[in-house]
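Report on the structure
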Amino acid sequence: MVNFRDYYAVGFPTGINIWKNEKIGFSFEVVPNIDDQGTSKVTNLLFHPGVLVALGHGYTFAGRAAFESSGRYGFTPVLNKTIIKSTNCSYFAAIPLPVRFGNDHPASFTVGFQFGIAF
């Protein structure tokens, strides 16, 4: 069996973080999801507002509400770690833990992994 041969789904998280001070801030993320089941198309759009809490030593907690165009909703706690910090950008890794409800589906819990660039 070959992975990604018959089906794949990819999310493209894009967000903005606004820090009120060194400890707390606001985060807003939008995630279009593209599925390919014979035809590539955007199948879901996630609106993800939340709060940021600096934990120190390069760690940040993001607590986000989740509203999906598919009819699902829930919350996503995220633990983020800055790996490389330079004058122009930072590179980070994050572990999101999405919990979703609604749309006549059972509740779900998933673990994700992200790499990203912050400007």
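Whatever comes next refers back to the structure up there.
Residues numbered from 1 in each chain as written. Predicted model: local features only at pLDDT ≥ 70, side-chain atom pairs only at ≥ 80, totals over all residues. Heavy atoms only, no water.

On to the overall build of the protein. If you tally the helices and strands in the protein, you get 0 helices and 10 strands. Listing each helix as α and each strand as β along the protein from the N terminus yields β-β-β-β-β-β-β-β-β-β. Projected onto the principal axes, the alpha-carbon positions of the protein cover approximately 45 × 30 × 20 Å. Within the protein, contacts between residues at least 6 apart in sequence are counted, and of these 34% link residues at least 24 apart. (Helix = DSSP H or I, 4+ residues; strand = E, 2+ residues; numbered from the N terminus. Contact = heavy atoms within 4.5 Å.)

Inspection of the secondary structure puts asparagine 21 in the loop between strand S2 (14-19) and strand S3 (24-36). Residue asparagine 21 is classed as partly exposed on the basis of its relative accessible area of 40%. From its side chain, asparagine 21 meets the backbone nitrogen of lysine 23 in a polar contact 2.8 Å long. Of the polar contacts made by the side chain of asparagine 21, one reaches the backbone nitrogen of isoleucine 24; its length is 3.1 Å. (Buried < 20%, exposed > 50% of the residue type's maximum accessible area, 1.4 Å probe, protein only. Polar contact = N/O pair within 3.5 Å; in protein donor to acceptor, adjacent residues only side chain to side chain.)

A few words now on unusual backbone geometry. Even without being glycine, asparagine 103 reaches a positive phi, approximately 60 degrees. Relative accessible area serves as the criterion here: at 41%, asparagine 103 is assigned to the partly exposed category. Its identity is not glycine, yet aspartate 104 carries a phi of approximately 60 degrees, on the positive side. Mapping aspartate 104 onto the fold places it in the loop between strand S8 (99-101) and strand S9 (108-109).

Now for a nonpolar patch on the surface. Among the surface-exposed residues, Ile83, Ile84, Tyr91, Ile95, Phe109, Val111, Phe113, Phe115, Ile117 and Phe119 lie close enough to one another that they form a single nonpolar patch of about 1200 Å² accessible area. Elements with a contribution of two residues or more to the nonpolar patch: strand S6 (73-85), strand S7 (90-96) and strand S10 (114-118). Position of phenylalanine 119 among the secondary structure elements: in the segment after S10. (Patch = residues over 30% accessible without salt bridge, like charges linked within 9 Å, V, L, I, M, F, W, Y side chains within 5 Å. Areas by Shrake-Rupley, 256 points an atom, 1.4 Å probe, with all protein chains shown as cover. Salt bridge = Lys/Arg side-chain N within 4 Å of Asp/Glu carboxyl O.)

A word on the pattern of salt bridges. Enumeration according to the criterion identifies 2 salt bridges in this entry. For arginine 64, the salt bridge identified is with glutamate 29, shortest N-O distance 3.6 Å. Of the two residues, arginine 64 is situated in strand S5 (residues 59-68) and glutamate 29 in strand S3; the sequence distance between them amounts to 35 residues.

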